[in-house]
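For reference, the chains in residue letters:
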Amino acid sequence: MAGEDLIAQFQTLGMSEQKAKETLKNANVTKNLQLALAQAAGASLADGTGMLIYHMASKLKPQQAEQLPLLVRYIVERKLDNTQRVDAALEYVLKCGQKLKANIDVKELEQECGVGVVVTPEEIERVVQAKIKSSYKEALLEQRYHFNSFKILQDVRSELKWADAKSVKAAIDVEIFDLLGPKTEADLKPPVKQNEKPKAAKAKPEANSTAQAVEAASDGANTIAELMKTKVHFHAPGENFKTDGYVVTEHTERLLKEHLQKTGGRVHTRFPPEPNGILHIGHAKAININFGYAAAQDGVCYLRYDDTNPEKEEEKFFVGIRDMVEWLGYKPVKITYSSDNFQQLYEWAVVLIRKGLAYVCHQKAEELKGFTPKPSPWRERPIEESLQLFEDMKRGKIDEGLATLRLKVTLEEGKVDPVAYRIKFIAHHRTGGKWCIYPTYDYTHCLCDSIEQITHSLCTKEFQSRRSSYYWLCNALEIYCPVQWEYGRLNMNYALVSKRKIGKLISEKIVHDWDDPRLFTLTALRRRGFPAEAINNFCAQMGVTGAQIAVDPAMLEASVRDVLNVTAPRRLVVLEPLKVTIKNFPHAAPVQLEVPDFPQNPEKGSHKITLDKVIYIERGDFKVEPEKGYRRLSPQQSVGLRHAGLVISVEEVVKDPATGEIVELICSSQSAEQAEKPKAFVQWVSKPIPLEVRLYEQLFKHKNPEDTNEVPGGFLTDICEHTISVVQAFADQALAQVKVYDKFQFERIGFFSVDPDTSNNRIVFNRTVGLKEDSGKK
C-alpha cells in the first residue's frame, strides 16, 4: 500500500498527520498496524479505540503476534478500554509465549485484564483522600504545589488497578486544592534544585538497540550496586521467552522448567575472557556488569576461561585474569574452562552433522574471509561422508588448514556458514595432546552458557550479529537456550587496548611491560595507583547503554580523585628539594609534630613529622624575581610552613660559584601567631628520606592513535615525547615503612602510590593523578 494511503488509514485511528508520518518510519509498528486495521475492517470504532489499537501495535513483540486478532477484537469490543488493560493483555499473552502454539484461556485473560471491572468516582475519591491523609499530607503542606503528585497517583493505582488514570489525577488535583488553596506567587516559581554532581557520561543508544532494558539505562549511577538495582531491568530467570528476538520451540516450556529446577530461580551470569592477554579498562566494564548484576540479584557469576585456542594461551594470563577480577572485588562462584566441555561439544557437533546442519568443508582460510566468500562446493555433501571426515579430523588424519566443520546458518551481518571446528596440531595446556581439533568461539560460547545454565549472557555490542547463531545452535540441539543481552563497549581515548599493538609497544621499548602505568591495562592502572573502587564507580557512571562509549582519561581520573580524596592519607614531600636553613630556629633541638592524616577530618588519625633547623622546600616555591601575582617565597615575600606554626623570610640566597645555581636559602622565622599572615603556606620536610618518584604523562598525541585518518603513519609515530620522568624527592620519615600499592596524597602536589619496584633500601612512588584535572600534566 502506498505511503499516502497508509497515512490516511492511520489518521482514521485518531492520529495527527504528523504522528501518522512518524509511525510510517517504523517498519515493525507499520506492519502491526496494517494487520490490526485489516482485523478491524468494517467495525465502528468508539472514541479512543483507534489509539488503543495503535498503543497495542506499538508494543507488540514477535512472540505475541499470533494473538493480534484476539487483541484487536477485545479492543474493538471495548473489553480492553484503556491502556492499562491493553498492557495487561499484552503481558498475559507474553506469559503464555513459552509455548510454540499458545492456547489462550479467555476467562483467565479477562480476569488478568480486569474486563468488566468498574471503579466508580466515589471509590477513587475515597482512596485518594485516605492516601493523602495517611502518607502525603505533611509533605504536601511543606512542599505545596512543588510536591510530585505522581507518587500519589502510583499509590492509588496500586490499590485501584483498573481505575481510569485521568479520573484519579483529577481527584488528586481536587484534594490537593482543598488542602492547600489557590497557588501563591511562591508556588509559581520553579523549585530550587539541589546541588547535583554532574553526570559523567550520557551516550545515545544505537538505532538498532535490541534491549529495552539497555535503552532504559542510558544514565549512569554512582556505584555498580546502584546501577544494577535501579537502572537495569533484564528479564526474570525463566522468562527468557519474553525478550525480544528469543526463539520459542516446542521444547522451550519443558527446558525452562528444567532450567529453573537446576538454578533455583537464581540469576546466573559469567565473565568469559580468552586467556591470551592482559585485561584492560574495557574488560573492567564487562566484569562489573556480569558480576555486579549477579550480586545485585542475589545470583552467582562464573569466571569461565574461553581456552579454545591453545597457540595463544599462557599460564600468566590465566593467573593475571583471576588476579584482576579479585582485585576489583569480585569472587567467582566457580572457575570453569571451555575445555572442560570439549567432549560434550564434540558429541554435539556429531549430532549437528547427523541432522544435516553441519558439514566438513575444504575451503582455505583466505577463501572464507570477508562477508561474501565463494559458496562452499561441499555444503550438500552426504551426511555419512561428513561424519567420516570429521572423525578423520579428530584422529589427525587431515593436515592443518585442509578441513573445517561449518554450520549451516547465516548470521545477522550476512556471514554464511561460520566455522565450528578447525584443525590445530598444538598441545592444549589442560587436555594435552588429546585433541587436534578445537571449537571456535561462535560454536563454543552459547553451548557452554547452556551447560552452565546461564540466565543472562551479557556481552558487548559486536556480538549482536552472532545472536541468531547463538539461539539457532541451542535450539538445533534441543538444549536450554539462555538470553543474550548486548551493551556498548567502553573505549578510552588516547589509549591502545589491542594485545598485538601493546606487544609492539613493549618490543619497541616504548613501554616496559603490560603493567606500565602509561597503559590502560588493569595491571597498569593498579600499578599507577588507581583504586579498584574508583574503576568500578567509573564503570557505573558510564551506565549500561547500547551505544559504544569513548571517553577521555580525565573522566576516569576524576573517579580516582573522588576515592583517593577520602582514602589517601596526606604526607609532606618535595619533588625538587631546595635546602633552607632557619638561622633563628626557635627550638634548641629537633621537635616532633603531630600532623593529621586528613586535615579536614582529624579524627581519622595522625602521624608524626620532624621539624629541625634545616628543612627542604620545593625549588619551584622560591623565585628571586617573581612575576606579578606570585604568592610564594621570594626575597621580598614570606611564606608559612605547613603544620609548623612558622613563617619564614629570606635573608640570604646562596649560589654555587661555578654554575650560579641556587643551592641554599638562609631564612629567619617568626611564630605564625606573631607574623603577618602570609599569602601562602608551602610543604617542607626535615631530616628527610629519599624517594624515587616517577611522573607519567599521556602516551599518545591523538585521541585515536589507531585511526590512520588521524595518524597516517600509524600508532608508533604518535608517541608523545618525555612520557616519563624520574625525580629524586625528599619525604618525611613517616613514609619510611610503606607497602606496595599504599596510596597517599602528597600535599599540594597530587596522589601517589607505592610501586612494586620498592625494596628495603629503595622506595619508589608513581604519580597516580594530580590534585585536579591537568595539574599532573606538564
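Residues numbered from 1 in each chain as written. Predicted model: local features only at pLDDT ≥ 70, side-chain atom pairs only at ≥ 80, totals over all residues. Heavy atoms only, no water.

Colleague: Account for the packing of aromatic side chains, with residues named and values stated.
Modeller: The tally for this structure, following the rule as stated, stands at 21 aromatic pairs. For the pair Y305 and Y337, a centre-to-centre distance of 5.2 Å together with 35° between the ring planes defines the contact as tilted. Note that Y305 is positioned in strand β2 (residues 300-305) and Y337 in strand β3 (residues 334-337), a separation of 32 residues in sequence. For the pair formed by Y305 and Y337, the shared burial category is buried. Ring geometry for F390 against Y421: centres 5.4 Å apart, planes inclined by 70°, an arrangement best described as edge-to-face. With a gap of 31 residues between them, F390 in helix α18 (residues 383-394) and Y421 in strand β6 (residues 419-423) connect regions that are remote in the sequence. For the pair F390 and Y421, one class covers both residues: buried. Taken together through their ring pairs, the aromatic side chains of F342, Y346, F390, Y421, W435, Y438 and Y443 make up a single cluster. Residue placement shows K394 over the ring face of Y346; its charged tip is 5.2 Å from the ring centre. Over the ring of F598 we find K604, and its NZ or CZ is 4.1 Å from the ring centre. (Phe/Tyr/Trp six-rings, centres within 6.5 Å; stacked < 30°, edge-to-face > 60°. Helix = DSSP H or I, 4+ residues; strand = E, 2+ residues; numbered from the N terminus. Buried < 20%, exposed > 50% of the residue type's maximum accessible area, 1.4 Å probe, protein only. Lys NZ or Arg CZ within 6 Å of the ring centre and 35° of its normal.)

Colleague: Give a detailed account of the environment of L352, specifying residues and quantitative values.
Modeller: Position of L352 relative to the elements: it lies in helix α17 (residues 342-354). It is 66 Å that separates the C-alpha atoms of L352 and R571, two residues lying 219 residues apart in sequence. Sequence-distant contacts of L352, that is, excluding residues within four places in its chain, are made with L357, A358, L407, Y443, L473, A476 and L477. (Contact = heavy atoms within 4.5 Å.)

Colleague: Break down the side chain of E486 for me, with residues and values.
Modeller: Turning to its location among the elements, E486 is positioned in strand β9 (residues 483-487). Side chain to side chain, E486 and R467 meet in a polar contact 2.8 Å long. Reaching out from E486, the side chain makes a polar contact with the side chain of Q484 at a distance of 3.0 Å. (Polar contact = N/O pair within 3.5 Å; in protein donor to acceptor, adjacent residues only side chain to side chain.)

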